[in-house]
Amino acid sequence: MAMRLWASKSASYLKISVFNRGFATVLKDLKYADSHEWVKVEGSSATVGITDHAQDHLGDVVYVELPELGTAVTQGSSFGAVESVKATSDINSPVSGKVVEVNKELDDSPGLVNGSPYEKGWIMKVELSNNDELKTLMDSDSYSKFCDEEDAKH
């Protein structure tokens, strides 16, 4: 609590916003699922994580259930979970393929999902089995609009 108060006062002094952002960062070079996962494709490999919008709504992440290496994942199906101080939510794979790497840093530092959802907080890397699935995902503009519309409903 004292740290939040200090951060809030510091932010006020520096004239920056820390809490109640009202917006989430959406990166241009990624694809997005309507279940709030992102995917970055490099050749036949895809890095997957949850979006800034998702982590913002979840609150402080305290645990991330990672998939096993070699596990087959299917687009739209659950492969793990994120537990926060507010809730536990399934994580769905935005693409199909085989898990070739998981972010083991999340075992000791699950808060990386909050602090760096698109860089240090990635969850898994997948060897893609169907590149055509990428066409069903949203680009950054579509995802931003989707989030705005979803937030307006609540």
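A few points on the structure. Keep in mind that this is a model prediction, so the values were computed, not measured. (Residues numbered from 1 in each chain as written. Predicted model: local features only at pLDDT ≥ 70, side-chain atom pairs only at ≥ 80, totals over all residues. Heavy atoms only, no water.)

1. Brief notes about the sheet that holds strand β4 (residues 61–65)
What counts here: In this scheme, strands are said to pair when DSSP sees at least two bridges between them. The way it works is that DSSP assigns letters per residue, a run of H or I at least four long becomes a helix, a run of E at least two long becomes a strand, and they are numbered from the N terminus. Note on method: axes are straight lines fitted to C-alpha atoms, helices fitted across the in-contact stretch only, with angles between N-to-C directions ranging 0 to 180 degrees.
Spatial ordering of the open sheet is given by β4-β6-β7, a layout of three strands whose pairing is antiparallel. Strands at the two margins of the open sheet, each flanked by one partner only, are β4 and β7 (88–92). Strand-to-strand, the axes of this sheet are offset by a mean angle of 25°, without reference to chain direction. The pairing of strand β6 (residues 78–84) with β7 spans five bridges and is classified as antiparallel.

2. Notes on helix α5 (residues 140–153)
The cut-off we apply is this: The span one expects for a helix is its residue count, reduced by one, times 1.5 Å. Partly exposed describes any residue whose relative accessible area lies between the buried limit of under 20% and the exposed limit of over 50%, with all areas from a 1.4 Å probe on protein chains only and scaled to the type maximum. Working definition: the arc comes from the directions between the helix axis and the C-beta atoms, pointing outward to the latter. Any two residues whose heavy atoms approach within 4.5 Å are treated as being in contact. Under the rule applied, a polar contact is a pair of N or O atoms within 3.5 Å (in protein, one hydrogen donor and one hydrogen acceptor; residues adjacent in sequence only if both atoms are side-chain atoms).
Relative to the 20 Å expected for 14 residues at 1.5 Å per residue, α5 spans 20 Å between its end C-alpha atoms, a close match to the ideal helical length. All of the buried residues along α5 are Ser 140, Tyr 143 and Cys 147. Taken down its axis, α5 places every buried residue within 60° of arc, on the same side. In α5, those exposed residues whose orientation departs by more than 90 degrees from the buried face are Asp 141, Lys 145, Asp 148, Ala 152 and Lys 153. In this fold, the buried residues of α5 make contact with β1 (31–32) and α2 (52–58). Among the residues of α5, the N-terminal cap falls to Asp 139, whose side-chain oxygen and the backbone nitrogen of Asp 141 are separated by 3.3 Å.

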